[in-house]
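# A closer look at the structure
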Amino acid sequence: MDVDVVVVGAGAAGLSCAIRAASAGASVLLVEKDRRLGGTLHLSGGHLAAGGTRRQREQGIADSPEEHLTDIRRISQGTARAELVEIVATHAPATVDWLDDRGFDFAPETPRIVYGHEPYETARTVYGVNEGVSILAVLEQELDRVRATADLDVWLDAAVTELLTGEDGRVTGVGVLRSGKEVEVGAGAVVLATGGYGADPELFRELEGVPLVSAAARTSTGDGIHLGLSVGAALQGAGTYLPTFGGLPDPVSPGRANWHDRQRLTSERPPWEIYVDRDGRRWVAEDEESIDEKERALVGVPDQTFWTIFDDTALSAASGGLQQIVVGREPDEVRAMANTRPGVHSAASLAELAELAGIDAAGLAATVASYNRAVEAGVDEQFGRTHLPAPIANGPFYALRNHAITLVTFQGVDIDADCAVRSEDGTVIGGLYAVGEIIGAGATCGNSFCSGMLLTPALTLGRLLGDRLGQLAS
């Protein structure tokens with residue numbers, strides 16, 4: 001079997017690339033190892049960002065690709081790939097307007113400024129009412145439309161096991177395990193769009209040097225990276241890894257976190273709690289507004305594990321929307337989770353709490369005493385925290401275990417501005433391309449989390465690459 005283009009992976013990047021390539025006249029095979037389309041769109045918040053969209057203009061928001069690019073450079077501190085973010089910022093409005101034209105169900109509060117990470121200066125982040133699934137709904141609709149009129153085939157539950165190459169090293173196709181049989185497919189171009197490695201503890205530790213606690217899609221096992229490395233692809237993004245403040249430990253799966261049961265960020269609400277490490281020591285000003293600064297501080301915490309410590313007075317005050325300590329959980333719900341849900345502990349004394357949680361008891365007692373003195377004096381000399389509402393003194397006491405978690409991964413295969421995969425010496429590997437998380441979040445976010453600059457590049461670069469490959473084939 002031979003086609004013009006094989007796209008490996010049917011997430012946001014792969015779907016958009018396949019749809020555009022087939023629409024432009026190429027014969028396309030889209031191969032997905034899962035039994036369903038969408039990849040991480042099923043888990044993603046679906047955040048997109050673009051400067052100068054139709055929706056912004058309709059709401060009187062003045063913005064432009066240049067202003068968006070300025071914000072990206074500020075937040076990433078210039079650590080992202082300059083030529084890639086410029087391409088994305090330039091073409092991102094067309095991506096969002098394309099979704100708009102196809103009935104994308106925008107959440108009514110968008111565009112907005114999102115404060116979960118370092119915020120933009122302008123309201124430009126949008127998402128759907130069903131988060132990532134809203135984007136998938138548009139892509140599936142487009143896929144069905146194009147399949148009816150163009151040469152586009154889709155194989156689900158099929159794993160690409162190897163890249164085929166010619167004597168000159170050019171990639172000439174793929175080997176696919178389908179229905180228990182190995183099938184070879186020849187192609188003029190192969191696009192890797194397989195996502196990241198947030199569900200592969202071994203590869204994660206090899207690349208990042210820290211243990212993995214994952215909230216990523218279970219299919220994000222680094223397949224495309226392994227395929228790329230097998231033909232000499234280089235990696236990019238080393239040193240850009242940044243952890244995300246995580247959710248509570250998953251009650252069923254060790255090594256995973258439940259993102260939906262996450263602690264409310266103190267950039268969203270004034271904190272009554274403190275953060276301590278395994279030795280019971282504080283490690284950051286809990287009221288630091290920059291989540292970016294907190295995430296950088298978390299890198300230096302042993303095992304990137306910490307506990308949120310508070311008392312019943314603080315929990316009683318954590319009621320209603322943004323005041324909740326755990327997202328979506330009222331005080332009595334948190335109390336009911338204590339000592340039944342992994343990572344949620346409660347005890348009548350700090351000493352008992354430390355034993356339950358696995359924290360050094362003497363260290364915790366000394367830290368709480370020091371914090372309480374800071375509350376009484378109105379000055380936190382250790383970290384400069386200014387929000388000091390009450391001492392931690394009214395039992396029962398609580399500890400929530402948190403770990404730096406991984407939703408997305410930062411390293412990936414190296415590409416040029418045309419999304420062609422490059423080898424260690426910087427030369428292009430003929431016939432091989434990559435888009436989406438497989439290129440690494442570091443390529444478009446640098447050493448930061450920049451709102452919308454993961455999914456927006458996946459869709460935008462996927463569309464641009466699909467257009468180019470389709471035109472080459474037609």
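In this text, all values refer to a predicted model and were calculated from it rather than measured experimentally.

### Some details on the nonpolar core
- Residues Val6, Val7, Val28, Val190, Val191 and Leu192 are the most contacted members of the largest nonpolar core, which totals 109 residues.
- Counting residues in each nonpolar core, the second largest holds 18 residues, with Trp307, Leu350, Val368 and Ile392 among its members.

### Some points on unusual backbone geometry
- Residue proline 111 is bonded to the preceding threonine 110 through a cis peptide linkage, with omega at 5 degrees.
- As for its position among the elements, proline 111 is in the loop between α4 (82-101) and β4 (125-126).
- Of note, the bond from glycine 395 into proline 396 is cis; its omega dihedral lies within 30 degrees of zero at 5 degrees.
- When you line up the elements, proline 396 lands in the loop between α12 (361-377) and β15 (397-403).
- Positive phi, close to 60 degrees, is recorded for aspartate 303, a residue that is not glycine.
- Tracing the backbone shows aspartate 303 in the loop between α8 (291-299) and β13 (305-311).

### Remarks on the pattern of salt bridges
- Following the criterion strictly, the structure yields 25 salt bridges and no others.
- We note a salt bridge from arginine 281 to aspartate 279, for which the minimum N-O separation is 2.9 Å.
- The exposure class assigned to aspartate 279 is partly exposed, which follows from its relative accessible area of 35%.

### Some remarks on the environment of valine 231
- The residue valine 231 is located in the loop between α7 (223-230) and β9 (235-236) in this model.
- You can call valine 231 partly exposed: its relative accessible area is 22%.
- Distance from valine 231 to arginine 170, taken between C-alpha atoms, is 9.0 Å for residues 61 residues apart in sequence.
- Setting aside residues no more than four positions away along its own chain, valine 231 makes contact with Leu163, Thr165, Ile429 and Leu432.

### Quick word on the packing of α4 against helix α14 (residues 455-473)
- Between α4 and α14, whose axes approach to 9 Å, the crossing angle comes to 90 degrees. The angle between α4 and α14 places the two elements in the roughly perpendicular class. Facing α4, whose interface residues are Ile87, Val88, His91, Ala92, Ala94, Thr95, Trp98 and Leu99, α14 presents Thr456, Pro457, Leu459, Thr460, Leu461, Arg463 and Leu464.
- Here the residues of the contact of α4 with α14 are counted per class, giving 10 nonpolar, four polar and one charged.

### Topic: α8
- For α8, the complete set of buried residues consists of Ile291, Asp292, Lys294, Glu295 and Leu298. Relative to the axis of α8, the buried residues are bounded by an arc of 160 degrees and lie together on one face.
- Turning to α8, the residues buried within the fold contact β12 (274-276) and β13.

Calculation notes
- Here the residue numbering is sequential within each chain, running from 1 through the sequence in written order.
- Under the rules for a predicted model, residues below a pLDDT of 70 receive no local features and side-chain atom pairs below 80 are neither given nor counted, while totals for whole chains, interfaces and linings still include all residues.
- To obtain the side-chain values, all non-hydrogen atoms of the structure were used and water was disregarded.
- The nonpolar core is taken to be a set of buried Ala, Val, Leu, Ile, Met, Phe, Trp, Tyr and Cys residues, with the residues joined through side-chain atoms within 4.5 Å.
- Relative accessibility under 20% of the residue-type maximum defines a buried residue, over 50% an exposed one, and the middle range a partly exposed one, all with a 1.4 Å probe and only protein chains included.
- The numbering of helices and of strands both runs from the N terminus, where a helix is a DSSP run of H or I of at least 4 residues and a strand a run of E of at least 2.
- Salt bridges are defined by distance alone: a side-chain nitrogen of Lys or Arg within 4 Å of a carboxyl oxygen of Asp or Glu.
- Whether two residues are in contact is decided by their heavy atoms, any of which lying within 4.5 Å being enough.
- In this description, a line fitted to the C-alpha atoms serves as the axis of each element, helices being fitted only across the stretch in contact, and the angle between N-to-C directions of two axes falls anywhere from 0 to 180 degrees.
- Working definition: roughly parallel below 35 degrees, roughly antiparallel above 145 degrees, roughly perpendicular at 65 to 115 degrees, and oblique for all remaining angles.
- Only Asp, Glu, Lys and Arg are considered charged in this grouping, and only Ala, Val, Leu, Ile, Met, Phe, Trp, Tyr, Cys and Pro are considered nonpolar; every other residue, Gly among them, is considered polar.
- As used here, the arc is the angular range of directions from the helix axis to the C-beta atoms.

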